[in-house]
Amino acid sequence: MKRFVFATNNRHKLEEVQAILGDRVELVSLQQTGCTEEIPETGKTLEENALQKARYIYERYHTDCFADDTGLEVEALGGAPGVYSARYAGGEGHDSEANMRKLLQDLEGVENRQARFRTVFALIVNGKEHLFEGIVNGTILKVRRGTSGFGYDPIFMPDGYNKTFAELGNDIKNRISHRAIASDKLCKFLKQH
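All values reported here derive from a predicted model rather than from experimental measurement. (Residues numbered from 1 in each chain as written. Predicted model: local features only at pLDDT ≥ 70, side-chain atom pairs only at ≥ 80, totals over all residues. Heavy atoms only, no water.)

Draft legend 1. Just helix α1 (residues 11-21), in detail. When we look at burial in α1, the residues that qualify are K13, E16, V17, I20 and L21. Down the axis of α1, the buried set is contained in an arc of 125 degrees. They therefore lie on one face. The exposed residues of α1 that point more than 90 degrees off its buried face are R11 and A19. Buried residues in α1 make contact with β1 (2-6), β2 (25-28), β3 (65-74), β5 (114-125), α5 (165-176) and α6 (178-192). G22 sits one or two residues past α1 and shows a positive phi near 65 degrees. (Buried < 20%, exposed > 50% of the residue type's maximum accessible area, 1.4 Å probe, protein only. Helix = DSSP H or I, 4+ residues; strand = E, 2+ residues; numbered from the N terminus. Arc of directions from axis to C-beta. Contact = heavy atoms within 4.5 Å.)

What follows is the structure, given as structure tokens:
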């Protein structure tokens, strides 16, 4: 089984990706690697941020790794919050409640509630960089529904479903999500190489 450092401090994300990858790949957290510093995310795109995080780990720890960046892109807001999804409401840290409140306020009275979750994985193996993207289209609801998942899951309903990610539960979400699509592409690539 191949081991990779997954450059994230987000426990939810680490568990979700490990569940998606199953026993095909063993993920090692930043903490297990000994990396305690906050990895910079100063890119203007998801691709730039994912690469920046993966390069940071590869250059310091000389190990195969991957990183991701994920954004919620709302059509009526010109793609916002996008790369700033985790910090949309401002302040320090990742305040999901504040981010959802701000998004719902920004969309008050707006009819077009089309949105998409987009994940980009940056993989570095033997010094070579590869990008994998996953997209799930959906709608932003006016009220929260469901209790599982994290982030914007209670207000995002993927196309083809009548439940939010938070209502679908982790098993279904981990099969259909943006992260699942990008993870699947990553796994297929690893199997071929």
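Draft legend 2. Molecular detail of the pairing of β2. As paired strands, β1 and β2 are joined by four bridges and run parallel to one another. Bridged to F4 within β2 is L27. Note that the unit made of β1, α1 and β2 has a crossover that is right-handed. (Pairing = 2+ DSSP bridges. Right-handed = clockwise from strand over helix to strand, strands pointing away.)

Draft legend 3. Broad picture of the nonpolar core. Formed by 18 residues in total, the largest nonpolar core has its most connected members in V5, A7, L30, I39, A54, I57 and C65. Of all the secondary-structure elements, those providing two or more residues to this core are α3 (46-61), β3 and β5. The element contributing the most residues to this core is α3, with six residues. If you look at the next biggest cluster of nonpolar residues, it comprises 16 residues, including Y88, L104, F117 and I140. (Core = buried A, V, L, I, M, F, W, Y, C linked by side-chain atoms within 4.5 Å.)

Draft legend 4. Highlighting the packing of α1 against α6. At a closest axis distance of 10 Å, the pairing of α1 and α6 adopts a crossing angle of 55 degrees. Relative to α6, the element α1 lies oblique. Helix-helix and strand crossings are classified by hand; for α1 and α6 the assignment is right-handed. Counting all contacts with α1, which are made through K13, E16, V17, I20 and L21, the residues of α6 involved are R179, A180, S183 and C187. In terms of residue class, the contact of α1 with α6 is made up of five nonpolar, one polar and three charged. (Axes fitted to C-alpha atoms, helices over the stretch in contact; angles between N-to-C directions. Parallel < 35°, antiparallel > 145°, perpendicular 65-115°, else oblique. Left-handed = near helix turned anticlockwise from the far one by under 90°. Nonpolar A, V, L, I, M, F, W, Y, C, P; charged D, E, K, R; others polar.)

Draft legend 5. Fine view of the packing of aromatic side chains. In this structure the tally under the stated criterion is eight aromatic pairs. Considering the side-chain rings of F156 and F165, the 5.3 Å spacing of their centres and the 45 degrees angle between planes classify their relative orientation as tilted. Of the aromatic side chains, those joined through ring pairs into one cluster are F4, F6, F66 and F121. Over the aromatic face of Y56 sits the side chain of R60, whose NZ or CZ is 3.6 Å from the ring centroid. (Phe/Tyr/Trp six-rings, centres within 6.5 Å; stacked < 30°, edge-to-face > 60°. Lys NZ or Arg CZ within 6 Å of the ring centre and 35° of its normal.)

The values reported here are purely geometric and, on their own, carry no functional implication.
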